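Examining the three-dimensional arrangement
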Amino acid sequence: MTEQVEIKEGLDGVYITRSTICKVDGQQGKLYYRGYKIEDLAEKSSYEEVCFLLLYGKLPNKTELEDFNKKLKGERKISENLKMLIKGFSTANTLDVLRTAMSAISYDDNQPYSADETENIEKAIRIISKTPTIAAAIGRLKQGKEIIEPDDSLGHAENFLYMLIGSKPDKEKSKLMDVMFILHAEHSSNASTFATLVACSTLADIYAGVTAGMAALKGPLHGGADEAAIRMMREIGNPENTETYIEEALAGKRKIMGFGHRVYKTYDPRARILKTYLDKIKANSGEEINNFISISLRAEKMMIEKLGKSHGIWPNVDFFSGPLYLYLGIRIELFDTVFASARTVGWCSHVIEYWKNNKLFRPLEEYIGELDLGYTPIEERT
Ligand code: ACO
């Protein structure tokens, strides 16, 4: 009898490459982009600066940032063909439409695959810039509203909100949107980044990779968790019902979305940052959002008591995002689409790094079925 090989289910604990882009310290609850603490970036930086950092590996000086901003702004507009495509699918799932549009962006590029790093950074800038424009257009059409063109006087995050809502956001909302973009920009080899790398390891183009990333992001175990979490809060309804709901869910072996993580066995630092914003938005939020805030804080307390230290299940980035997105005027059906818009830079940075030393991903599976079966013609099968 042959010995069974060891299977690392879900590639748990398996290293797939070496990278200088992102460090997730799951024991200490720390996150770094290119060596910089996420707390510092969220407080002091901007999404544009973080994009530069992730793509080029260093913080830009003033001139570099100005040039980079110019390039980003120059790529914001989307083609009429793309608008027609989005309009044709305006009732479909928003992330499905974004993913389809991402495939279509490559049609406008005469040479979607390039081995040249500078060219790939140009392509990445195109993807980073156009994705929020597409996401906002999808959001507008979903509400039966007209698409709004980008405004070059606005920064990346505030321009996204402007294209979605139709009015220029105030400073406080622009900062919050920017922080949400920064926190969702990158997170090492998660499922969607891995999917991106797998696609691009075949030397498929960067658009194909980002499309694969968006496909993997969709599920409730990954980028769809923020939507699932807010739907749960809606089901709970009254904050007073929170503890009973959680108790029953756990007794029924149901997962509470927005908690738990493959790598973090303590509080996700992104969730910690987002939690501080709940307090800041309270005074200006309506009853529904304030209810969600109360529910999320009660659920957080109970989950930490029940599963935190004992099972390593703590809030992740998706738990507190819901009330914050709603406060910004982003409707539930658009949550994962916004996440995808922010994550484009992470996916692209990883592809560009991986292509420097590309190796086709081709793992093995252990075959445990039968062999050498006799072929029976269809007429003789019962
Ligand atoms: N609520 C209740 N129990 C949980 C939760 C949760 N959110 N997460 C994990 N558990 C339990 C599982 O039921 C399982 O229990 P068991 O051993 O008694 O069967 C145990 O913890 C291990 O869970 P797995 O899902 O096998 O562990 P994994 O490492 O694959 O978990 C995952 C990672 C998939 C994120 C998981 O925690 C989960 O499903 N969380 C909810 C979805 C979510 O919030 N996803 C977003 C992650 S962040 C991001 O992608 C942006």
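Computed from a predicted structure; not experimentally measured.

Definitions and cut-offs
- Residues numbered from 1 in each chain as written.
- Predicted model: local features only at pLDDT ≥ 70, side-chain atom pairs only at ≥ 80, totals over all residues.
- Heavy atoms only, no water.
- Helix = DSSP H or I, 4+ residues; strand = E, 2+ residues; numbered from the N terminus.
- Buried < 20%, exposed > 50% of the residue type's maximum accessible area, 1.4 Å probe, protein only.
- Areas by Shrake-Rupley, 256 points an atom, 1.4 Å probe, with all protein chains shown as cover.
- Phe/Tyr/Trp six-rings, centres within 6.5 Å; stacked < 30°, edge-to-face > 60°.
- Near = heavy atom within 4 Å.
- Polar contact = N/O pair within 3.5 Å; in protein donor to acceptor, adjacent residues only side chain to side chain.
- Nonpolar A, V, L, I, M, F, W, Y, C, P; charged D, E, K, R; others polar.
- Contact = heavy atoms within 4.5 Å.
- Axes fitted to C-alpha atoms, helices over the stretch in contact; angles between N-to-C directions.
- Parallel < 35°, antiparallel > 145°, perpendicular 65-115°, else oblique.
- Pairing = 2+ DSSP bridges.
- Domains from an automatic or database assignment.
- Buried area = accessible area lost by both parts, 1.4 Å probe.
- Salt bridge = Lys/Arg side-chain N within 4 Å of Asp/Glu carboxyl O.

Re the overall build of the protein
A tally of regular secondary structure across the protein gives 16 helices and 3 strands. Across its three principal directions, the C-alpha atoms of the protein cover 70 × 55 × 45 Å. Put simply, the protein has 382 residues, and 51% of those count as buried. In the form shown here, the protein has an accessible surface area of approximately 19200 Å², with 50% of it arising from carbon and sulfur atoms.

Thoughts on the packing of aromatic side chains
Aromatic rings in a pair are described by how distant their centres are and how their planes are angled relative to each other. In the structure shown here, the tally under the stated rule is 12 aromatic pairs. For the ring pair Phe-160 and Phe-181, a centre distance of 5.8 Å and an interplane angle of 70° mean the geometry is edge-to-face. Here the residue Phe-160 occupies a position in helix H7 (residues 156–165), and Phe-181 occupies one in helix H8 (residues 171–183), the gap between them amounting to 21 residues. Given the relative accessible area of 0%, Phe-160 is considered buried. Judged by relative accessible area, Phe-181 falls into the buried class, the value being 0%. Between Tyr-354 and Phe-361, the aromatic rings sit 5.2 Å apart at their centres with planes inclined by 10°, giving stacked as the arrangement.

Let's talk about the site of the ligand
Taken together, 18 residues lie around the ligand, and His-222, Lys-255, Ile-256, Gly-258 and Phe-259 are the ones closest in. One of the side-chain N or O atoms of Lys-255 is found 2.7 Å from an oxygen atom in the ligand. Classifying every residue of the shell around the ligand by side-chain character gives 10 nonpolar, 5 polar and 3 charged.

A closer look at the environment of Ile-273
Examined against the element boundaries, Ile-273 turns out to sit in helix H13 (residues 269–282). C-alpha separation for the pair Ile-273 and Gly-13, spaced 260 residues apart in sequence, amounts to 27 Å. The residues contacting Ile-273, other than those within four sequence positions of it, are Ile-38, Glu-39, Ala-42, Val-179 and Leu-183.

Re the packing of helix H5 (residues 94–105) against helix H10 (residues 206–217)
As a packed pair, H5 and H10 sit with axes 8 Å apart at the nearest point and diverge in direction by 170°. Between H5 and H10, the crossing angle belongs to the class labelled roughly antiparallel. Listed contacts from H10 to Leu-95, Leu-98, Arg-99, Met-102, Ser-103 and Ile-105 of H5 are Tyr-207, Val-210, Thr-211, Met-214, Ala-215 and Leu-217. Its residues placed into classes, the contact of H5 with H10 shows 9 nonpolar, 2 polar and 1 charged.

Looking at the sheet that holds strand E2 (residues 30–33)
Reading across from one edge, E1-E2-E3 is the order of the 3 strands in this open sheet, with antiparallel pairing throughout. Every other strand in the sheet has two partners, leaving strand E1 (22–25) and strand E3 (36–37) as the edge strands with one partner each. Note: E2 against E3, 2 bridges, orientation antiparallel. Bridge assignment links Tyr-33 to a residue of E3, and that residue is Tyr-36.

Description of the side chain of Asp-268
Along the chain, Asp-268 turns up in the loop between helix H12 (242–251) and H13. Among residues more than four places away in sequence, those in contact with Asp-268 are Pro-315, Asn-316 and Val-317.

Quick notes on the pairing of E1
Across 4 bridges, E1 lies against E2 in antiparallel orientation. Opposite Asp-25, over in E2, you have Lys-30 as the bridge partner. Counting the residues that bridge the hairpin from E1 to E2 gives 4 residues, and of these Gly-29 lies at a positive phi of roughly 70°.

Focus: unusual backbone geometry
Non-glycine residue Lys-253 carries a positive phi angle of around 65°. Along the chain, Lys-253 falls in the loop between H12 and H13. Phi at Asp-372 is positive, roughly 55°, even though this residue is not glycine. Look at Asp-372 and you get exposed, because its relative accessible area is 82%.

Some points on the domain arrangement of the protein
Quite often, the size of an interface is put as the accessible area lost when its parts meet. When the domains of the protein are assigned, the result is domain 1 (17–192 + 205–214 + 342–357) and domain 2 (225–327). The C-alpha-based centres of domain 1 and domain 2 are spaced at 26 Å. On the side of domain 2, 19 residues touch domain 1, which itself brings 22 residues to the contact. Between domain 1 and domain 2 lies a buried interface of about 1600 Å² when both sides are counted; carbon and sulfur atoms form 69% of it. For the domain 1 face of the interface with domain 2, the top three residues by lost area are Leu-176, Met-180 and Leu-183, together amounting to 31%. Here domain 1 and domain 2 share 0 salt bridges between them. The tally of links between domain 1 and domain 2 comes to 3 residue pairs in polar contact (both at pLDDT 80 or more). Of all elements in the fold, only E1, E2, helix H1 (38–44) and H8 reach the threshold of two or more residues within the side of domain 1 that touches domain 2.

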